[in-house]
Amino acid sequence: MPSNFGVLGATVARKTVTYIAFFCLLFWVGFPVYYMLITSFMDSPELGVKPPHWIPQEPTIENYREVVIGETGQRGSYGSTTEFSRMMPALLNSTFVSVAVVLSNLLIGGMAAYGFSRFDFRLSRFAYLGILMTRVLPALSLIVPLFIILRKLKLINTLWALIFTYTIFILPLTIWILREYFDTLARDIEEMALIDGATRLQAFRLVVAPLAVPGLIAVGVMSFMEAWSEFFFALTLTNSLTYPPLLMSFRNLAQVNWNALAAATTVGVLPPVIVAFVFQRYLVRGLSEGAVKG
């Protein structure tokens, strides 16, 4: 009997610790998001009150009007119409760059991963590990050669510079996950297609790719999020053409327009959240059957 009480006590203690850790993590992650949301609906005078308001007393959409329409408001905010008018074009630019990076990664990374999965050519393992090792290189060490190459190609301050750069840095992760996912797929149907006269490319396009849809979608979602949130290259290679570096326009030497910044951040967070929510089922399945098994 005492041993049963000991086991029960250990189980209760373990669950208690788990729940405490969960709620601490939930607060750590959720509270900044909550405060960002309520701040986006406040005006400047209310944001500065003490004690702070945890629920907006006079909710306003003025901050969102500044971000979406591109006009500065009259309720204590500051900023130039030029800065705010760039927000929506920057949002569209980020969308274009992220979608282009997803497509290029799925095309190039998918075919490369399929090759590493199905062909054991000379130095294949060395080439595969070499590609993965490029992922550990810090971005700061590559910015100078990348800048020189892109300047020679006359791509500086263009969206193509970001697409080219992001694709390079995300490809190793794409190849790694998809190769592990392709390794889990049975080769029987693929071999039957080859026997029936299909080429290797046709077998990949008609047989392997449909079976690998969860893995492809998982990689696509991760590529989208990485490209969407990238800041360093967008700031150094362009004149803040995409959304993340343009958020710096809400700050000057004197103060920060926290209200408009919260609204702009909320708008910028929505696309990746929507993408992750729509494809969450494929994301979990693709990662669990791909990288985790690998």
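Summary of the structure given here. Just so we're clear, the structure is a prediction, and the values are computed from it rather than from any experiment. (Residues numbered from 1 in each chain as written. Predicted model: local features only at pLDDT ≥ 70, side-chain atom pairs only at ≥ 80, totals over all residues. Heavy atoms only, no water.)

**Overview of the overall build of the protein chain**
Thought 1: Along the protein chain, the regular secondary structure elements total 15 helices and zero strands.
Thought 2: Pairs at least 24 apart in sequence give 71% of the contacts found in the protein chain among residues at least 6 apart.
Thought 3: Counting every atom, the protein chain has about 17300 Å² of accessible surface; 71% of that belongs to carbon and sulfur. (Helix = DSSP H or I, 4+ residues; strand = E, 2+ residues; numbered from the N terminus. Contact = heavy atoms within 4.5 Å. Areas by Shrake-Rupley, 256 points an atom, 1.4 Å probe, with all protein chains shown as cover.)

**Section: the side chain of Thr60**
Thought 1: Topologically, Thr60 is positioned in the loop between α2 (44-47) and α3 (62-69).
Thought 2: Classification of Thr60 as buried rests on a relative accessible area of 8%. (Buried < 20%, exposed > 50% of the residue type's maximum accessible area, 1.4 Å probe, protein only.)

**A look at the packing of helix α8 (residues 159-184) against helix α11 (residues 213-229)**
Thought 1: Close contact between α8 and α11 brings their axes to 10 Å; oriented N to C, the two are set at 160 degrees. One element, α8, and the other, α11, form an angle in the roughly antiparallel class. Classified by chirality, the crossing of α11 by α8 is right-handed. Where α8 abuts α11, its residues Tyr166, Ile170, Leu173, Thr174, Ile177, Leu178 and Tyr181 lie against Pro214, Gly215, Leu216, Val219, Met222, Ser223, Glu226 and Ala227.
Thought 2: Each residue belonging to the contact of α8 with α11 can be placed in one class, and the counts come to 11 nonpolar, three polar and one charged. (Axes fitted to C-alpha atoms, helices over the stretch in contact; angles between N-to-C directions. Parallel < 35°, antiparallel > 145°, perpendicular 65-115°, else oblique. Left-handed = near helix turned anticlockwise from the far one by under 90°. Nonpolar A, V, L, I, M, F, W, Y, C, P; charged D, E, K, R; others polar.)

**Considerations on the packing of aromatic side chains**
Thought 1: Counted by the stated rule, this structure contains 14 aromatic pairs.
Thought 2: Summarising the aromatic geometry, the rings of Phe31 and Tyr35 are spaced 6.1 Å apart at their centres and angled 25 degrees between planes, so their arrangement reads as stacked. Here Tyr35 and Phe31 lie together in helix α1 (residues 2-40), a separation of four residues that amounts to about one turn.
Thought 3: On the basis of relative accessible area, Phe31 is assigned to the partly exposed category, the value being 32%. (Phe/Tyr/Trp six-rings, centres within 6.5 Å; stacked < 30°, edge-to-face > 60°.)

**Topic: the nonpolar core**
Thought 1: Ranked by size, the top nonpolar core spans 20 residues in total, and within it Val67, Met87, Tyr243, Phe250 and Ala264 carry the most contacts.
Thought 2: Looking at this core, the elements that each hand over two or more residues are α3, α5 (87-118), α11, α13 (243-246) and α14 (258-278).
Thought 3: Element by element, the count of residues in this core is highest for α14, at six residues. (Core = buried A, V, L, I, M, F, W, Y, C linked by side-chain atoms within 4.5 Å.)

**Things to note about the packing of α5 against α11**
Thought 1: Remark: α5 packs on α11, axes separated minimally by 8 Å, with the N-to-C direction vectors making an angle of 140 degrees. α11 is crossed by α5, and the crossing has right-handed handedness. Facing α5, whose interface residues are Leu91, Ser94, Thr95, Ser98, Val99, Val101, Val102, Asn105 and Leu106, α11 presents Leu216, Val219, Gly220, Ser223, Phe224, Ala227 and Trp228.
Thought 2: The residue inventory of the contact of α5 with α11, partitioned by class, reads 10 nonpolar, six polar and no charged.

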